[in-house]
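# Fold and geometry: a report
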Amino acid sequence: MSRKKVLIAGASGAVGSAALTHFASLPEWEVVGLSRRPPIVPMGKARHISVDLLDRAACATVFGAMDDVTHVVFAALNEREDDVFAGWSDPAQMAKNAAMLANLFDPLIEASPGLRHISLVHGPKAYGVHLPDIDLPIPVKETLPRAPGDNFYYWQEDYLAGKKREGAGHLDWAVTILRPSSVIGATEGGHLSPFLVLAVFASLRREAGLDLPVPAGSSEVLDFTDADIVAEALAWAADAPAARNEAFNLCNGDVFAIHDTFPLVADALGVPLGEAKRFDIADELAALAHMWPALAEKHGLVTADLDTLLGFSPQVARSWTAEVTPGKELRWNLCNTIKVRQAGFANCIDTAEMMRKYLRRYQDLRMIPPAP
């Protein structure tokens, strides 16, 4: 069996840390995780390199010295701190995410003559699901044209296509693009972790002797994606001939209404379920945040600082308690996953089962208190 070495960029994120764990479990892989801070999950045989992908000089030094990399998983992401949603259409934010890929790949493609494959982890924003003024089919398919306007996904795709046209590298390296939807995983300081926000909120409500309310009205219906499934798909795509130079939607295989998450979390964490009412989870969380340091000390949690744990995810979690106009429940659309299944990757999971799994994992990693 030929030697394989994978670099996983964004190794502290939900997808990156899951990929780190999964690749490290496979005997034929040497695994290196790249991120500014180490991942919260156990790394097994993998090793970690702390590097800021926005520091071009540092990247040139680190990646220019790597001559034996065969695969890259690029799951790194930079979100705008003051307004995550606005950042998705912000040219300055797009430039940052494009630069991170170039800063890694420019020196690496010259230093590692055996590079065979790179996977990009993107999402359905490639179809413009985040743009309120466009009308998309349900479900969205990989054959859809690019959405109006700009998107850093396109910048990264075009950058790699340009590298291939230039003949960069010494082998016929391939690209695979995975587009998971509404990823749930285990990461500290992630900016797109509304499920963790809900788990923390429920834990604080339980500590305060309060119930967990259910948001009033209709909610969005989403297809979620387990970060573990993304990790398995990345390992499949690394060598699968059917994955070469292709893009694939990737989801759990079912759909789930966001508001149905609240009774599930209440049951799993031992919190009484309250009545349906209108509330903003970010505001309600802020009102209870003063209790977190003592709760963290009481249970030996990984951090007593909620900002460190949650990043800017409370901004995104606001959409989980927002009431949706009837008929607009599918605003974020749903993704067709037939292409990836026909190509040979068919892993799936029941979304409710996945959510319970991550609640247990958050407890095992001491991100939230144990259930009573």
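Structure's up top.
Being a predicted model, the structure only gives us computed values, none of them experimental. (Residues numbered from 1 in each chain as written. Predicted model: local features only at pLDDT ≥ 70, side-chain atom pairs only at ≥ 80, totals over all residues. Heavy atoms only, no water.)

Right, let's get into the environment of E353. In this fold, E353 is placed in helix α14 (residues 351-364). Distance from E353 to D223, taken between C-alpha atoms, is 14 Å for residues 130 residues apart in sequence. (Helix = DSSP H or I, 4+ residues; strand = E, 2+ residues; numbered from the N terminus.)

It is worth spelling out unusual backbone geometry at this point. Leaving glycine out, the prevailing phi sign among residues is negative, and the prevailing peptide bond configuration is trans. In the segment running from I138 into P139, the intervening peptide bond is cis, with an omega of 0 degrees. Within the element layout of this structure, P139 appears in the loop between β5 (117-121) and α5 (152-166). A positive phi angle is found at N245, which is not glycine, with a value near 55 degrees. Within the secondary structure layout, N245 lies in the loop between α7 (227-239) and β11 (246-250). Although it is not a glycine, R366 adopts a positive phi angle of roughly 60 degrees. Residue classification places R366 among the partly exposed positions, given a relative accessible area of 42%. (Buried < 20%, exposed > 50% of the residue type's maximum accessible area, 1.4 Å probe, protein only.)

As a further point, take the sheet that holds strand β6 (residues 174-180). The strands making up a sheet are joined through hydrogen bonds of the backbone, oriented either antiparallel or parallel. Pairing within the open sheet is parallel, and its 7 strands lie in the order β3-β2-β1-β4-β5-β6-β11. Here the strands that pair on one side only, and so sit at the sheet edges, are β3 (47-50) and β11. Strand after strand, the sheet turns through a mean of 20 degrees between neighbouring axes, direction not considered. With 5 bridges connecting them, β5 and β6 associate as parallel partners. Counted as the bridge partner of V121 is L178 from β6. (Pairing = 2+ DSSP bridges. Axes fitted to C-alpha atoms, helices over the stretch in contact; angles between N-to-C directions.)

Further remarks concern the pairing of β5. With 5 of its 5 residues buried, β5 lies for the most part within the structure. The alternating pattern of β5 places H117, S119 and V121 and I118 and L120 on opposite faces, both of which are buried. Here strand β4 (residues 71-74) pairs with β5 via 4 bridges, running parallel. By the bridge assignment, V72 is partnered in β5 with I118. You can see the chain leave β5, run along α5 and come back into β6, and the turn it takes is right-handed. (Right-handed = clockwise from strand over helix to strand, strands pointing away.)

What follows covers the packing of aromatic side chains. Applying the stated rule across the entire model yields 12 aromatic pairs. Relative to W88, the ring of F85 has its centre 5.1 Å away and its plane inclined at 75 degrees; by these criteria the two rings are edge-to-face. Among the residues examined, F85 registers a relative accessible area of 33% and is labelled partly exposed. Note on W88: relative accessible area 11%, which makes it buried. (Phe/Tyr/Trp six-rings, centres within 6.5 Å; stacked < 30°, edge-to-face > 60°.)

So, about the nonpolar core. By size, the foremost hydrophobic cluster in this structure holds 91 residues, and its most contacted members are F23, V200 and Y362. If one sorts the elements of this core by residue count, α7 sits on top with 10 residues. Not counting the four nearest positions on each side in its chain, Y362 is found in contact with I184, G185, A186, F195, L196, A199, M367 and I368. Formed by 31 residues, the second largest nonpolar core is a distinct cluster that contains L7, V32, F74 and L108. (Core = buried A, V, L, I, M, F, W, Y, C linked by side-chain atoms within 4.5 Å. Contact = heavy atoms within 4.5 Å.)

A separate point is the side chain of T176. Its place among the elements puts T176 in strand β6. Relative accessible area serves as the criterion here: at 0%, T176 is assigned to the buried category. Engagement of the side chain of T176 in a polar contact is seen with the backbone oxygen of A243, the distance being 2.6 Å. In contact with T176, not counting residues within four places along its chain, are H117, I118, S119, L120, A237, A243, R244, N245, E246 and F248. (Polar contact = N/O pair within 3.5 Å; in protein donor to acceptor, adjacent residues only side chain to side chain.)

This next bit is on the side chain of S112. Looking at where S112 falls in the secondary structure, it is placed in the loop between α4 (91-111) and β5. Given a relative accessible area of 1%, S112 falls into the buried group. Among the polar contacts made by the side chain of S112, one reaches the main-chain carbonyl oxygen of M66 at a distance of 2.7 Å. S112 has contacts with M66, D67, D68 and V69, leaving out every residue within four places of it along the chain.

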